[in-house]
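Residue-level structural notes
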Amino acid sequence: MSTPDQRPDQRPDPADGSRRDDLEALSRALLAITEQTATREVLQMIVESARSLVRSEYAALGLPDERGRFAEFYASGISPEQWQAIGPLPRAHGLLSVMMAQARPYRAEDVQADPRFSGWPAAHPPMRGFLGVPIVDRGEIMGAIYVANGPDARVFGDEDERLLGILAAHAAIALTRARMFERDRELTLVEERARIARDLHDAVAQKLFSLRLTVGAAEALTVKGDRDRAREQFARVKELAGSALDELRAVVTELRPPAVREDGLVPALRKHVAVVSRAYPVRVSFDSDCDGRCELPGEVEDVVFRVAQEALHNALRHAEPATVNIDLTTSDHEVVLVVSDDGKGFDGDPARDGGHHLGLASMRERARQAGGRLRVDSRPGAGTTLRLEVPHE
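How each quantity is defined
Residues numbered from 1 in each chain as written. Predicted model: local features only at pLDDT ≥ 70, side-chain atom pairs only at ≥ 80, totals over all residues. Heavy atoms only, no water. Helix = DSSP H or I, 4+ residues; strand = E, 2+ residues; numbered from the N terminus. Buried < 20%, exposed > 50% of the residue type's maximum accessible area, 1.4 Å probe, protein only. Contact = heavy atoms within 4.5 Å. Areas by Shrake-Rupley, 256 points an atom, 1.4 Å probe, with all protein chains shown as cover. Phe/Tyr/Trp six-rings, centres within 6.5 Å; stacked < 30°, edge-to-face > 60°. Lys NZ or Arg CZ within 6 Å of the ring centre and 35° of its normal. Pairing = 2+ DSSP bridges. Axes fitted to C-alpha atoms, helices over the stretch in contact; angles between N-to-C directions. pLDDT = per-residue confidence, 0-100. Polar contact = N/O pair within 3.5 Å; in protein donor to acceptor, adjacent residues only side chain to side chain. Expected span 1.5 Å × (residues − 1). Salt bridge = Lys/Arg side-chain N within 4 Å of Asp/Glu carboxyl O.

**Some details on the overall build of the protein**
Per the secondary structure count, the protein includes 10 helices and 10 strands. Counting only residues that meet the buried cut, the protein has 43% of its 393 residues in that class. When contacts within the protein are restricted to residue pairs at least 6 apart in sequence, long-range pairs at least 24 apart make up 64% of them. When the accessible surface of the protein is split by element, carbon and sulfur atoms take 52% of a total near 21,700 Å².

Next comes the structure, spelled out in structure tokens:
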């Protein structure tokens, strides 16, 4: 039986059904992407959608850092065991770098035959057919979507490129939206942290001032021989000291960095630097030899993040710098964090000085508890360099 728009002698075109399936799949993918607000979920959804749309065996998505390497890399079709066997994130070189440098798609019938192919680890699955499409927003290349091995060894064609291009265009919008959402959230956290820090400073400063007065009174009473009243004052000293310590512990617990556990140390630091850069008129740069997750123990990542965070905020609040540079390097046994600024610097021992150098004493304690060490070099007018070294297994 024919439909009203179909002649009795006209049979349905199988391609029409395929196109409808593609459009429905694309529609579902776009709706799912726009519902997400967390960057990691958005990126993984894009990868899964790309693989589904062109029916490829594998799909991936890479985001570059400021040096053109991959800051983040997501994949579909590869098991966790394969990921572990393959090793660290791929470098943005060879064919993977093509879309990072030029805002146009690239297709290859056999990826290994391309002169720019530079090999892959032994555990990497075999791939032949290849299609890459950049994710572009207002001329900025935000990343790229890659697919490999079409169904039944089919080479990717114009329709695959068109579908992936539509997905990439919407991915740019969704990714921008997700990043704005996370940056707004991070900025809110930074502002809240500043508020708590001010409140804490006021509360602790008042208690320390009272503590100082009480100690003076106890000393005077001891000299006069009034031991009973002196004991009362020393009891008050103990109470004030305990109260100040409780407040410090409470704020440390409240400000624990959840983004480190969720995203990994490097992505969390990148996000924090991006947010701080929006809040302060200072050039803040971050560089690391570790792309994505550094595979460090959680307690080490927490310490490094906290010290970086505190060092950055100390510089911004007190040093009046034009630039702050954060550098993170890792090895099999040690992670090294260096935070340097070109601010006004200071003289004296920061571990003993009062005032704003109290944060440096806290950072030293964090380093000590992690089995590491912290060095601070500073001179008036010559800036400050902080170096944290933490061992790990």
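**Some details on the packing of aromatic side chains**
The geometry of an aromatic ring pair is captured by the separation of the ring centres together with the interplanar angle, meaning the angle of the planes. Taken as a whole and judged by the stated rule, the model has five aromatic pairs. Within the aromatic cluster, the residues linked to one another by ring pairs are F70, F73 and W83. Here the basic side chain of R116 rests over the ring of Y106, its NZ or CZ set 4.9 Å away from the ring centre.

**Thoughts on the sheet that holds strand 6 (residues 283-288)**
Within the open sheet, the five strands sit side by side as 6-7-8-10-9. Their pairing is mixed. Two strands in the sheet have a free side with no partner beyond their single neighbour: strand 6 and strand 9 (373-378). Along the sheet, successive strands turn relative to each other by an average axial angle of 10 degrees, direction set aside. Summarising the sheet, strand 9 and strand 10 (residues 384-391) pair through six bridges and their orientation is antiparallel.

**What to know about the pairing of strand 8 (residues 334-341)**
Across the eight residues of strand 8, seven count as buried, placing the element largely inside the fold. Summarising the sheet, strand 7 (residues 323-330) and strand 8 pair through seven bridges and their orientation is antiparallel. Looking at strand 8, one finds that T329 is bridged to V336. The turn linking strand 7 back onto strand 8 is made up of three residues. Pairing between strand 8 and strand 10: eight bridges, direction antiparallel. Across the sheet, the residue bridging to S340 is T385, located in strand 10.

**Quick word on the confidence of the model for the protein**
In the predicted model, the protein carries a mean pLDDT of 78, and 74% of its residues have values of at least 70. Least confident of the elements in the protein is helix 1 (residues 14-35), whose mean pLDDT is 62; most confident is strand 8, at 95.

**What to know about the side chain of H272**
The residue H272 is located in helix 8 (residues 265-279) in this model. The buried category is assigned to H272, whose relative accessible area is 4%. Excluding its chain neighbours within four sequence positions, the residues that come into contact with H272 are V190, F305, Q309, L312 and H313.

**With respect to the side chain of S76**
One can find S76 in strand 2 (residues 70-76). One polar contact links S76 to R51, side chain to side chain, over a distance of 3.1 Å. Not counting residues up to four positions away in its chain, the partners in contact with S76 are V47, E48, R51, E57, Y58 and A59.

**Topic: the environment of G150**
Structurally, G150 can be placed in the loop between strand 5 (140-148) and helix 5 (158-224). Classification of G150 by relative accessible area gives buried; the value is 10%. Sequence separation between G150 and M127 is 23 residues, and the spatial gap between their C-alpha atoms is 9.6 Å. For G150, the contacting residues outside a window of four places in its chain are R55, S56 and F156.

**Observations concerning helix 8**
The first and last C-alpha atoms of helix 8 sit 21 Å apart over 15 residues, in line with the 21 Å expected at 1.5 Å per residue. In terms of burial, helix 8 is a largely internal element, 11 of the 15 residues being buried. Of all the positions in helix 8, only L265, V266, P267, A268, L269, R270, K271, H272, V273, V275 and V276 are classed as buried.

**A short note on unusual backbone geometry**
Positive phi, normally seen in glycine, also occurs at N149, with a value near 65 degrees. When you line up the elements, N149 lands in the loop between strand 5 and helix 5. Phi is positive for E320, which is not a glycine, with a value near 55 degrees. In this structure, E320 sits in the loop between helix 9 (298-319) and strand 7.

**Topic: the pattern of salt bridges**
In the structure shown here, the tally under the stated rule is 11 salt bridges. As a salt-bridge pair, R107 and E161 come within 2.9 Å of each other at their nearest N and O atoms. Taken together, the residues span a long stretch of sequence, with R107 in strand 3 (residues 106-108) and E161 in helix 5 at a distance of 54 residues. Here E365 and R368 are joined by a salt bridge, their closest N and O atoms 2.5 Å apart. Note that E365 and R368 are positioned in helix 10 (residues 358-369) at a spacing of three residues, about one turn of the helix. R368 gets classed as exposed once you look at its relative accessible area, which sits at 53%. In the salt-bridge network here, residues are joined through shared partners; they are R373, R375, R387 and E389.

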